[in-house]
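An overview of the molecular structure
One-letter residues, chain by chain:
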Amino acid sequence: MTVYKDIDMINTFISHIPKEWGLYIHIDRKSPIKETDIIRGNIYKKFKIFWGAREHLDSMLFLLNETEKDNIGYDYYHLVTGQDFFATSPQQFDEIIGPNGNIYMHTFSLPVPNWWNYKILHYATLASYCNVQRGVMRYVNMLYCNLQSFLGLKRKLPEYPIFGGILYCSLTQMAVKKVLYGSVAKDLYSRLKHSLCAEEIFFQTVLMNSDLKDKIINNSLRYMDWEDPSPPKVLGVSDYDSIITSQALFCRKIDSHKSAELLDKLSFPS
């Protein structure tokens, strides 16, 4: 779980996670949230994470690596944030996931129109140093990328196919080992230095280029509403029926205040 705001929501989510589940949490180093504010879990505050920076991917890989150090060997590793909540009872997870060891993630082949395409790999950005989504730094970053293009500094693409998708997914232990130790993972990670939204191609590309690709189900098992003017939508009580009929494991984005009525209805026993 990666978190940076809304401590009430974070702790509400954690309070519904079964005690026997492993819980690994990374707090953005810019956040005012302290490790002691979080009610339980293996809690770290290591990376400063700006929007789109590779450090978001770093934090997820760091947490997965910590699970490896503990040498427990979980059946599934669910990548979530502090703005997620359960879309179904945790007791229903095994029924939804099934017994076949499938990997659940959203994935598609790149390039596609109107998406980041290969820009994630082609050009370095300033995302690791500042928020390139807002204010003057948005234009400075655009100028930086355009300058690289003008000077012919475009990075070469790898020989293997590139895939994109949403970061939040459910991985098996074998999949975790691929993203931590695999040859494609090591090569791709190095190519993503100073990139933008590295986490939106890393897991998909690594696993779709592995011997686990036939285990991938193109469904993240996350309920999100992308039709909102500022997607994904902050969910409310009007979304309840859609959430519980979605057969998803988690839903997002959830806010402790704006989603309060929805949370009351989604309070499954842990």
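Just so it is clear, the model here is predicted, and its values are computed rather than measured.

**Details of the sheet that holds strand β11 (residues 222–223)**
Taken in spatial order, the 3 strands make up an open sheet running β5-β12-β11, and their pairing is mixed. The sheet is open, and its two borders are formed by β5 (84–86) and β11, each paired with just one other strand. Sheet analysis places β5 next to strand β12 (residues 250–252), joined by 3 bridges and oriented antiparallel. From the neighbouring strand, Phe85 faces β12, where its bridge partner is Cys251. Of the strands in this sheet, β5 and β12 are in contact with helix α1 (residues 7–15), which crosses β5 at around 30°.

**Notes on the layout of surface pockets**
Estimates place the volume of the largest pocket at around 1600 Å³. Every residue lining the largest pocket is counted, 41 residues in all, and those nearest its centre are Tyr4, Trp51, Tyr168, Arg252 and Lys253. Taken together, the residues that form the lining of the largest pocket break down as 18 nonpolar, 13 polar and 10 charged. Of the pockets and cavities examined, the second largest pocket occupies roughly 680 Å³. Lining the second largest pocket are 27 residues, with Trp21, Gly22, Tyr76, Tyr77 and His78 sitting closest to its centre. If you list the elements that add at least two residues to the lining of the second largest pocket, you get α2 (54–70), β4 (76–78) and α3 (93–97). A total of 4 residues in the lining of the second largest pocket trace back to one element, the largest contributor, which is α2.

**Regarding the packing of aromatic side chains**
As enumerated under the stated definition, the model contains 14 aromatic pairs in all. Plain terms: the ring middles of Phe13 and Phe85 are 6.0 Å apart, the flat faces sit at 55° to each other, and that makes the pair tilted. Taken together, the residues span a long stretch of sequence, with Phe13 in helix α1 and Phe85 in strand β5 at a distance of 72 residues. Judged by relative accessible area, which is 0%, Phe85 ranks as buried. When the centroid spacing of 6.1 Å and the interplanar angle of 70° are considered together, the rings of Phe85 and Phe86 count as edge-to-face. What makes Phe86 buried here is its relative accessible area of 1%. Ring pairing ties together the aromatic residues Phe13, Trp21, Phe85, Phe86, Phe93 and Phe250, which thus form one cluster. The ring of Phe50 has Lys30 lying over it, and the distance from NZ or CZ to the ring centre is 4.9 Å.

**Topic: the pattern of salt bridges**
All told, the structure shown has 9 salt bridges when counted by the stated rule. A salt bridge links Asp84 to Arg252, with the nearest nitrogen and oxygen atoms 2.8 Å apart. Taken together, the residues span a long stretch of sequence, with Asp84 in strand β5 and Arg252 in strand β12 at a distance of 168 residues. Linking Lys178 and Asp211 is a salt bridge whose minimum nitrogen-to-oxygen distance equals 3.1 Å. On the criterion of sequence distance, the pair formed by Lys178 in helix α6 (residues 173–181) and Asp211 in the loop between α8 (202–208) and β10 (216–218) is long-range, its members being 33 residues apart.

**Side note on α2**
For α2, spanning 17 residues, the distance from its first C-alpha to its last is 25 Å, which sits close to the expected 24 Å at 1.5 Å a residue. Burial of α2 is extensive: 14 of the 17 residues sit out of reach of the surface.

**Things to note about the packing of α2 against α6**
Running from N to C, α2 and α6 cross one another at 120°; their axes reach a closest spacing of 10 Å. Comparing the axis directions of α2 and α6 gives the class oblique. Note on packing geometry: the crossing formed by α2 with α6 is left-handed. Of the residues in α6, those in contact with Leu61, Leu64, Asn65 and Glu68 of α2 are Gln173, Val176, Lys177, Val179, Leu180 and Tyr181. For the contact of α2 with α6, the per-class residue count stands at 6 nonpolar, 2 polar and 2 charged.

**Details of the side chain of Thr107**
Of note, Thr107 is situated in the loop between β6 (103–105) and β7 (108–109). On the basis of relative accessibility, which here comes to 9%, the residue Thr107 falls in the buried class. In this view, Thr107 contacts Phe163, Gly164, Gln204, Met208, Ile216 and Asn218; residues no more than four positions away in its chain are not counted.

**A short note on the pairing of strand β2 (residues 24–27)**
Because side chains alternate across β2, one face comprises the buried residues Tyr24 and His26, and the other comprises Ile25 and Ile27, equally buried. One ladder, built from 2 bridges, connects strand β1 (residues 2–3) with β2; its direction is parallel. Bridging across to β2, Thr2 finds its partner in His26. By the bridge criterion, 3 bridges tie β2 to strand β3 (residues 42–44) in an arrangement that is parallel. Within β3, the residue paired with Ile25 across the bridge is Ile43.

Calculation notes
The residue numbers shown here count from 1 along each chain, following its written sequence. Only residues with pLDDT of at least 70 get local features here, since the model is predicted, and only at 80 or more are side-chain atom pairs given and counted; chain-wide, interface and lining totals rely on the full set of residues. Side-chain measures were taken over the full set of non-hydrogen atoms in the model, leaving aside hydrogen atoms and water. A pair of strands is considered paired only if DSSP assigns at least 2 bridges between the two. By definition, any uninterrupted DSSP run of H or I lasting at least four residues is a helix, any uninterrupted run of E lasting at least two residues is a strand, and each is numbered from the N terminus. We call two residues in contact when some of their heavy atoms are within 4.5 Å. Note on geometry: axes are C-alpha line fits, over the in-contact stretch for helices, and angles between N-to-C directions span 0 to 180 degrees. Throughout, the protein atoms alone are placed on a 1 Å grid, and a set of points is a cavity if a 1.4 Å probe fits but cannot get out or a pocket if it is open with protein on both sides within 12 Å along at least five of seven lines; lining residues have an atom within 4 Å of a point. Grid points are joined across faces, edges and corners, and a volume is the space filled by probe spheres set on the points. All residues other than Ala, Val, Leu, Ile, Met, Phe, Trp, Tyr, Cys, Pro, Asp, Glu, Lys and Arg, Gly among them, are scored as polar; the first ten of these are nonpolar and the last four charged. Any pair of Phe, Tyr and Trp rings, taking the six-membered ring for Trp, is counted once the centres come within 6.5 Å. Such a pair is stacked with planes under 30 degrees apart, edge-to-face with planes over 60 apart, and tilted for the rest. Accessibility here uses a 1.4 Å probe with only protein chains present; expressed as a share of the type maximum, an area under 20% marks a residue as buried, one over 50% as exposed, and anything in between as partly exposed. A ring is considered to have a charge above it if a Lys NZ or an Arg CZ atom is located within 6 Å of its centre and within 35 degrees of its normal. Here, a salt bridge means any Lys or Arg side-chain nitrogen found within 4 Å of an Asp or Glu carboxyl oxygen. Helix span, as expected, comes to 1.5 Å for every residue beyond the first. Should an angle lie under 35 degrees it is considered roughly parallel, over 145 roughly antiparallel, and from 65 to 115 roughly perpendicular; all remaining angles are considered oblique. For any helix crossing, the convention is left-handed if the near helix is rotated counterclockwise from the far helix by under a right angle, and right-handed if that rotation is clockwise.

These figures capture arrangement, not role.
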